[in-house]
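As a plain string of letters, each chain reads:
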Amino acid sequence: MTRHHKSNNNNNNKMSRITTAAAYIFILHLTTWMPHISTLPQGAPETVCDTMLPFHAGGIAPATTKPPFRIETSTTTIGQGQTLRVDIIGVPSGLTFGGFMIQARSTSGNQVIGQFNLPEDGLSKLMNCDNSVGNSVTHTNTSPKPEISLEWQSPVDFEGEIVFNSTVAQSYDTFWVGIPSAPVRVVKRDIAPAGPTTPRPSYSPTTRPPYVPEYVPPAPAATPDDPFYDGCGSSKNCFGNKDGCVDSKSCDFVAAIKVRGNIYEFELKSQAKDAAYVALGLSEDDKMGDDLVIECVPQNGKVSMYSSLTSAPPKGYGVSRQGVPQNTARLVESSLINGVIYCKVERDPLTQVGNKVFDLINNKYYLLLAAGTGLKENGVGYHDIGRIPSDKAINLAELADLGGASKLLLRLHGCFMIAAWIGTTSLGIIFARYFKQTWVGSQMCGKDQWFAWHRICMVTTWSLTMAAFVIIFVEIGGWSGERNPHAILGLVTTILCFIQPIGALFRPAPNSKNRPFFNWAHWLGGNLAHLLAIVTIFFSVKLTKAELPEWMDWILVAYVAFHVVVHLIFSIFLCIQISGCSSDKKQAKRVNDFQMGNMGHHHHGMRNNMKNERKMDAPFAGFRKGLLAVYTVVLILFVVALIVIVALAPIQDTFEQLQRKLN
């Protein structure tokens with residue numbers, strides 16, 4: 001009996017294990033099979049009323065191909081308060097879909113308007129968007145549907161044009177957003193076309209209007225307001241890459257911070273072209289270094305989130321995730337749609353990195369917003385798309401009016417360098433090279449005119465350059481981290497500029513045998529510094545911080561061409577002048593060969609002639625003065641234009657803001 005009892009127990013245990021294993025296998029097959037049939041199980045939620053964008057699997061992007069579905073209406077003109085029929089159909093006929101959402105939007109204000117009648121087929125249900133009853137429709141189940149027919153009623157007080165917009169999901173991971181109908185005109189009831197507007201004949205492929213192969217969604221209906229900016233300034237702090245872009249909802253990359261109790265919620269978004277990441281740093285100053293960073297990085301079609309810490313000299317500029325706890329922040333929501341990066345992150349109030357504690361409750365922080373096109377092994381790459389610090393530190397729980405930190409010093413650096421090297425240096429070189437024999441006998445402050453003007457120009461260049469050099473180091477706080485030769489070329493130019501006047505103070509006497517060596521060294525140093533400075537300014541156009549338009553290169557090219565042409569003209573007339581001087585020397589030699597008696601007879605007259613010759617300018621003096629006047633005027637125009645571009649950078653945004661204010 002005992003042996004038999006044990007045998008039964010063993011058999012029961014074996015059967016139990018087999019049953020359990022079978023149940024596990026069944027559940028496993030069920031879980032792997034279910035996602036393929038659950039496209040949009042219970043219809044679209046009302047949280048997507050504005051975007052009409054399904055949130056599938058954490059952010060599957062909608063299809064960008066031509067949609068194989070059409071939105072057809074029974075009429076293109078309807079009276080106020082009347083109804084029309086709307087159909088969603090597949091192309092070709094018979095193509096089925098699982099889920100949908102449809103609503104009518106005004107083309108002028110992009111508002112959801114009108115009301116749908118409750119469908120009787122059981123495949124659809126009404127939605128209440130914008131607190132209005134039944135103004136949108138979605139599916140009730142994901143069974144295959146060859147077409148959907150709906151009835152829509154226009155408002156009694158609306159007059160204008162509307163377009164039906166629809167999202168159609170063929171499967172869970174294949175759907176199209178914003179498929180538009182042809183425009184429908186809503187007119188006053190008394191001028192609406194007579195007859196019924198909701199005919200119910202069966203639609204066949206032959207009676208439908210011809211299919212238009214080109215898919216061009218109307219902009220007002222397909223681009224609703226960005227919900228990211230909802231609540232900015234009222235329930236959350238928003239900070240964008242350009243001043244005024246939050247109000248106009250046009251930021252290339254933007255951050256939002258919302259605090260709910262001890263929950264610190266960060267939203268980041270970037271629609272900048274080719275962006276590989278968007279990041280937000282919390283800093284105790286407005287400079288890079290020891291800042292806690294949230295990185296949102298697209299990887300394999302999804303957006304990942306990392307925490308990292310920035311570094312600055314002497315360690316070098318960079319960002320690293322090493323040693324930074326990744327469990328104090330959590331990715332709540334994310335999407336990557338048509339290159340637009342979005343993520344929502346919740347961060348703990350306290351985060352400790354090494355010996356440094358980031359206390360979001362009690363401390364104030366500057367916001368450092370950045371985006372770039374490159375990634376590194378253990379962090380994001382350089383912020384070559386842009387970086388902007390906030391103008392003040394804030395407690396994240398308090399609403400604040402945030403703007404970008406002042407760029408006054410950066411702009412002054414650029415303006416000073418342009419005034420120095422395109423303005424005063426260019427003019428000073430002209431005086432020294434071509435005007436030594438002009439204004440002969442006329443002096444300024446005890447010096448010849450050409451030398452006085454040359455010295456004024458070069459002292460101005462030296463002063464502006466030294467001031468600009470100090471300013472940029474105060475602004476950046478160290479060496480530039482940008483991969484651009486602008487910084488090193490600017491340093492070499494500044495060194496050459498610094499030693500030029502020092503060498504001039506120790507120049508040899510005019511009759512010294514070393515004077516020619518000084519002249520050549522002084523000429524070489526000045527011209528080399530001028531050339532390097534112009535090249536450096538060209539490279540500044542590519543600097544992210546400078547925010548200069550690419551077409552500024554053409555203004556610089558025009559200046560270089562003008563400068564070279566003027567030098568060429570001056571040089572041609574200088575050669576002619578030198579040839580003329582050689583002839584004058586021969587004539588002077590013949591005069592010196594006169595007999596002493598004749599010289600004595602004419603001694604008084606020749607002394608007056610020699611005195612008058614010393615006061616006479618070299619040939620073509622009038623032409624040189626005229627060309628100098630033209631060159632000075634055009635040079636001033638170049639300098640003013642370039643300074644305006646630098647001072648108002650980014651100049652395109654400045655003009656857009658001015659236009660908005662005027663309107």
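Located above this text is the structure these notes cover.
Throughout, residues of each chain are indexed from 1 in the direction in which the sequence is written. Side-chain atom pairs in this predicted model are given and counted only at pLDDT of 80 or more, local residue features only at pLDDT of at least 70, and totals for whole chains, interfaces and linings cover all residues. Based on all heavy atoms of the structure, the side-chain values leave hydrogens and waters out of the count.

Novice: Looking at this model, I keep getting lost on the sheet that holds strand E24 (residues 366-372). Mind explaining?
Specialist: Strand pairing within a sheet occurs via backbone hydrogen bonds; the two strands may be parallel or antiparallel. Any two strands are treated as partners once DSSP identifies two or more bridges connecting them. Under the scheme used here, helices are H or I runs from DSSP no shorter than 4 residues and strands are E runs no shorter than 2 residues, and both carry numbers assigned from the N terminus. If you walk across this open sheet you meet the six strands as E19-E18-E17-E16-E24-E27, and the pairing is antiparallel. Edge positions in the sheet fall to strand E19 (318-320) and strand E27 (386-389), since each of these pairs with one other strand and no more. Adjacent strand axes in the sheet meet at a mean angle of 25°, parallel and antiparallel pairs treated alike. Axes here refer to lines fitted to C-alpha atoms; in helices the fit is confined to the stretch in contact. Angles between the N-to-C directions go from 0 to 180 degrees.

Novice: Can you help me understand the pattern of salt bridges in this one?
Specialist: Where charged atoms of side chains with opposite charge meet at close range, the side chains can pair. Salt bridges are defined by distance alone: a side-chain nitrogen of Lys or Arg within 4 Å of a carboxyl oxygen of Asp or Glu. This structure, assessed with the given rule, holds 13 salt bridges. Across the pair Arg85 and Asp87 runs a salt bridge whose closest N-O atoms are separated by 3.1 Å. Think of it in three bands: with a 1.4 Å probe and only protein chains considered, a residue is buried below 20% of the maximum accessible area for its type, exposed above 50%, and partly exposed in between. Residue Asp87 is classed as buried on the basis of its relative accessible area, which comes to 1%. The partner of Lys344 in a salt bridge is Glu333, and the shortest N-O contact between them spans 3.9 Å. Taken together, the residues Lys344 in strand E21 (residues 340-347) and Glu333 in strand E20 (residues 329-337) connect sequence positions 11 residues apart. Classification of Lys344 by relative accessible area gives buried; the value is 17%.

Novice: Explanation requested: the nonpolar core in the structure shown.
Specialist: Here, nonpolar core means buried Ala, Val, Leu, Ile, Met, Phe, Trp, Tyr and Cys residues that are tied together by side-chain atoms lying within 4.5 Å of each other. Of all hydrophobic cores here, the largest spans 47 residues; its most connected members are Ile418, Trp421, Ile422, Ile430, Phe435, Leu548 and Met552. Of all the secondary-structure elements, those providing two or more residues to this core are helix H4 (408-434), helix H5 (449-476), helix H6 (486-505), helix H7 (515-540), helix H8 (552-592) and helix H11 (621-647). By residue number, the principal contributor to this core is H4, which donates 10 residues. With near-sequence residues (within four places) excluded, Ile418 lies in contact with Gly423, Ile537, Met552, Val639, Leu642, Ile643 and Val646. Judged by nonpolar contacts, the second largest core, of 34 residues, contains Tyr264, Ala275, Tyr365 and Ile394. We call two residues in contact when some of their heavy atoms are within 4.5 Å.

Novice: Help me understand the state of the cysteines in this model?
Specialist: Cysteine pairs can be linked by a disulfide, which is a covalent bond between their two sulfur atoms. In this description, a disulfide is simply a cysteine sulfur pair whose atoms lie within 2.5 Å. For the structure shown, the criterion picks out four disulfides. Paired by a disulfide, Cys49 and Cys129 hold their sulfur atoms 1.9 Å apart. On the S-S bond that ties Cys49 to Cys129, the torsion sits near -70°, and the link is left-handed. A residue pair is termed long-range when its members are at least 10 positions apart, and Cys49 in the loop between helix H1 (2-33) and strand E1 (69-73) and Cys129 in the loop between strand E7 (124-127) and strand E8 (136-139) qualify at 80 residues. When its relative accessible area of 1% is taken as the criterion, Cys129 is described as buried. One disulfide bridge connects Cys232 with Cys238, the sulfur atoms lying 1.9 Å from each other. Residues Cys232 and Cys238 are joined through a disulfide that is left-handed, its torsion about the S-S bond being -80°. Under the relative-accessibility criterion, Cys232 is labelled partly exposed at 22%. Residue class for Cys238 comes out buried when judged on its relative accessible area of 9%.

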